[in-house]
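# Structural overview for review
Spelled out, the chains give:
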Amino acid sequence: MKDALQGVLVIELGTVLTAPLCGMMLADLGARVIKVEHPEGGDPFRRHAGSLYSPHFTAYNRGKESIQLDLQSAEGKADLRKLLEKADVLIENYRPGVLKRLGFGDDVLQELNPRLVRCSITGFGADGPYANRPCYDAVAVALGGLASQMLDPNEPQVYGPTIADNITGMYAAYGVLGALVRRNVTGKGARVEVNMLETSIAFSPEGFAQYTGLGMVPNSQTRVAISQSYAFTCADGKLFSVHLSSVDKFWQAFAGVLERPDLLQDPRFATPQSRTKHYQELRAEVAAIVRTRTRAEWFERLEASDVPFAPVNTVPEVMEDPQVRHLQIFHETTHPQVGKLTLMHRPVRIDGERGPDDRPPPMLGEHGEALRREFGLNPAPVKTQTPSA
């Protein structure tokens, strides 16, 4: 099978999360992605577990090649130019102005390769009052309004996985794909700009629509109350979630599962609007009922009544879930240096296929020698040891 981006060459000047995720998504679609890393230690995410091949790094870098270039040196800059002359896409997540200071401003890149799609990922945008500030996930979700829709203001605590970094990498890949499609028509490259603040805002359009359309300021309970989403603890201490939405049949079926038809007649819970208004009261009422049976007992009833439900799985439980195992998103491979690795397939099938199966993340500089030969780059610098005193 010829994959969607077969023949597309991507140069990634990416560290940590946003640009590496964008690069990995393009690699998952069949692009050739060359990750350019710093001579001293490479991508900082490599070192999160005390080695140069941390789980944090492997999670965002499958399917790539690695070369180390010193972009502060004349040789490193010349090598990057040679790579970019033949590239289709450049991805970078430096702070604004860094690439220009290295001698690769947008005008230079456009002259070097008019067909190049240049993707710049920043925290707050290329300019503006916050442009030069450092930005990380917790900063972006706070500034972009997501945190206010997730935190308890009385006991604020950041929870859960990375959000802003991940969605920014995804939006970046989306922008690159759009620019590549347009280039097929015009023959010209483009500058794609993505920042963590805007993507955090765009990721939650419902809250802004509620405010501008209804004057409602959403909080951590607004969406879950409107969608009638719940999590409960069972008699055996296990958790499950239900999502009853605004479709009455799910609420009616759930009341039947609970053996509480009287809840359907209670004026507090009779309509979607009243259930939203009295969300906490309904949650407390149902929570007490759910604690009377084990999760397995509830699941038998919920499934028989076609109520949308699921266990609240831990990460290990996800990997053992029957549907997850059926989908085969996880697979094992053996790396010649590292040994056994558990990797993910891309979650997108095209004509029933997922694309390349067995391309683990690269070791630091793993492909440097081969890439130097292929692209006619300078020989790797010889490392000299400082004489001992």
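None of these values were measured; they are calculated from a predicted model. (Residues numbered from 1 in each chain as written. Predicted model: local features only at pLDDT ≥ 70, side-chain atom pairs only at ≥ 80, totals over all residues. Heavy atoms only, no water.)

Judged by how many residues are buried, strand β3 (residues 64–68) sits mostly within the fold: 4 of 5 residues are covered. By the bridge criterion, 5 bridges tie strand β2 (residues 32–37) to β3 in an arrangement that is parallel. Across the sheet, the residue bridging to Val36 is Ile67, located in β3. (Buried < 20%, exposed > 50% of the residue type's maximum accessible area, 1.4 Å probe, protein only. Helix = DSSP H or I, 4+ residues; strand = E, 2+ residues; numbered from the N terminus. Pairing = 2+ DSSP bridges.)

Read from one edge of the open sheet, 6 strands run β3-β2-β1-β4-β5-β6, paired in parallel fashion. Strands with a single pairing partner mark the edges of an open sheet, and in this sheet they are β3 and β6 (190–195). Direction aside, the axes of adjacent strands within the sheet are offset by 20° on average. Bridge count for strand β5 (residues 117–122) against β6 is 6 bridges, and the pairing is parallel. Across the sheet, Ile121 pairs through a bridge with Val194, a residue of β6. Contacting β1 (9–13), β2 and β4 (89–92), helix α3 (residues 74–86) crosses the sheet at an angle of about 145° to β1. The strands touched by helix α7 (residues 164–186) are β4, β5 and β6; relative to β6, the strand with the most contacts, the crossing angle is about 165°. (Axes fitted to C-alpha atoms, helices over the stretch in contact; angles between N-to-C directions. Contact = heavy atoms within 4.5 Å.)

Next up on the list: the packing of aromatic side chains. Applying the stated rule across the entire model yields 10 aromatic pairs. The interplanar angle of 75° and the centroid separation of 6.1 Å between the aromatic rings of Tyr171 and Tyr174 together place this pair among those described as edge-to-face. Here the residue Tyr171 and the residue Tyr174 both occupy positions in helix α7, the gap between them amounting to 3 residues, near one helical turn. Residue classification places Tyr174 among the exposed positions, given a relative accessible area of 62%. For the cation-ring pair, Arg46 lies above Phe57, with the distance from its terminal atom to the ring centre recorded as 3.9 Å. When the ring centre of Tyr130 is taken as origin, the NZ or CZ atom of Arg133, which lies over that ring, is 4.0 Å away. (Phe/Tyr/Trp six-rings, centres within 6.5 Å; stacked < 30°, edge-to-face > 60°. Lys NZ or Arg CZ within 6 Å of the ring centre and 35° of its normal.)

Such coordinate-based values are descriptive only and should not be taken to indicate function.
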